[in-house]
Amino acid sequence: LFADTRYRLIVNGTVVAHGPGRFFVAKPEYDSHDIAPFLQDGANVIAVAVNSYGSYTYHSEYSHGGFIAWGAVEANDGPAIDLATPGEWKALDSPGHVPQTAHLSFVLNQGELLDGRRKPEGYGAPGFDDSAWPAAVPLDDQDHWGPLMPRTIPLLDEREVLPRERTATWAAKPHRDEDVYAFITLIRDGRCWRD
């Protein structure tokens, strides 16, 4: 699969992978995933959350959102299920994301601001009901990206690795002569406000 700018692949409620690696719009790179270990007997849910930066950063070019997938799941007692887009895919603009979010710095993308209370209940998990979602539609401007190529760097290793030992620990205590300052940046009407 490929997404512009980033994706999160979720199978039956488990985050399987993030991607793609950095790419130029003229030379997009796709990722290949074996999702068989995450499938179960009966109904399965394959979900992809796509986050399009929509602006230039030192990590990505100016572009617009897009997603493509292909492949198949072979069933034990029936025909293979085609995963190619648009196919049976459905799509929904995230009701929980705030698109007018400030950039993390002048070189990075916007922060991801998500109100989890507005996220569809059970999204990505078995039994999720997407019957009210509209069907995914092809983009008009398919030539925006160059030909897809396989990823040229390894996928992120997302296994949990626990520390072998703790070498030191300390606790910070407030000092009576210390001044502590904090600020929060809020987005209102597309502008930054500081309180």
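Refer to the structure above for everything that follows.
We now turn to the structure provided with this report. (Residues numbered from 1 in each chain as written. Predicted model: local features only at pLDDT ≥ 70, side-chain atom pairs only at ≥ 80, totals over all residues. Heavy atoms only, no water.)

Here we look at the side chain of T101
Right, on to step 1. In this fold, T101 is placed in the loop between β8 (81-82) and β9 (149-150).
Right, on to step 2. Of note is the side chain of T101, whose polar atom sits 2.5 Å from the backbone oxygen of V98. (Helix = DSSP H or I, 4+ residues; strand = E, 2+ residues; numbered from the N terminus. Polar contact = N/O pair within 3.5 Å; in protein donor to acceptor, adjacent residues only side chain to side chain.)

Overview of the nonpolar core
Right, on to step 1. Core analysis: the biggest nonpolar cluster contains 13 residues, and L1, Y7, L9, V11, V16, I35 and V48 have the highest contact counts within it.
Right, on to step 2. Contributions of two or more residues to this core are made by β2 (6-11) and β3 (14-19).
Right, on to step 3. The contacts of I35, once residues within four sequence positions are left out, are L9, V11, I46, V73 and L83. (Core = buried A, V, L, I, M, F, W, Y, C linked by side-chain atoms within 4.5 Å. Buried < 20%, exposed > 50% of the residue type's maximum accessible area, 1.4 Å probe, protein only. Contact = heavy atoms within 4.5 Å.)

Some words on the sheet that holds β2
Right, on to step 1. Reading across the sheet, the 3 strands line up as β3-β2-β5 and stay open at both edges, with antiparallel pairing between neighbours. On the outer flanks of this sheet lie β3 and β5 (46-51), each paired with one strand and no other. This sheet shows a mean twist of 20° between the axes of neighbouring strands, independent of strand direction.
Right, on to step 2. Relative to β5, β2 runs antiparallel, the two being bridged by 6 bridges. Pairing of R8 across the sheet is with A49, part of β5. (Pairing = 2+ DSSP bridges. Axes fitted to C-alpha atoms, helices over the stretch in contact; angles between N-to-C directions.)

Some points on unusual backbone geometry
Right, on to step 1. Going from G19 to P20, the amide bond is cis rather than trans, its omega being -15°.
Right, on to step 2. With respect to the helices and strands, the residue P20 is situated in the loop between β3 and β4 (29-30).
Right, on to step 3. Between T85 and the following residue, P86, the backbone shows a cis peptide bond with an omega angle of -5°.
Right, on to step 4. Relative to the assigned elements, P86 resides in the loop between β8 and β9.
Right, on to step 5. Positive phi outside glycine occurs at N12, with the angle close to 50°.

Structural notes on the packing of aromatic side chains
Right, on to step 1. Enumeration according to the criterion identifies 7 aromatic pairs in this entry.
Right, on to step 2. Seen from their ring centres, F2 and W145 are 6.3 Å apart, and the 75° between their planes marks the pair as edge-to-face. Of this pair, F2 sits in strand β1 (residues 2-4) while W145 sits in the loop between β8 and β9, and the two are 143 residues apart along the sequence. For the pair F2 and W145, a shared accessibility class is recorded, and that class is buried.
Right, on to step 3. An angle of 65° between the planes, with centres 5.0 Å apart, marks the rings of Y30 and W70 as edge-to-face. One end of the pair, Y30, is in strand β4; the other, W70, is in the loop between β6 (66-68) and β7 (72-73), with 40 residues separating them in the sequence.
Right, on to step 4. Since its relative accessible area comes to 42%, W70 is described here as partly exposed.
Right, on to step 5. An aromatic cluster is present here, built from F2, F23 and W145 joined pairwise through their rings. (Phe/Tyr/Trp six-rings, centres within 6.5 Å; stacked < 30°, edge-to-face > 60°.)

Overview of a nonpolar patch on the surface
Right, on to step 1. Together, Y56, Y58, Y62 and F106 give the surface a local cluster of nonpolar side chains, amounting to about 610 Å² of exposed area.
Right, on to step 2. Of note, Y56 is situated in the loop between β5 and β6. (Patch = residues over 30% accessible without salt bridge, like charges linked within 9 Å, V, L, I, M, F, W, Y side chains within 5 Å. Areas by Shrake-Rupley, 256 points an atom, 1.4 Å probe, with all protein chains shown as cover. Salt bridge = Lys/Arg side-chain N within 4 Å of Asp/Glu carboxyl O.)

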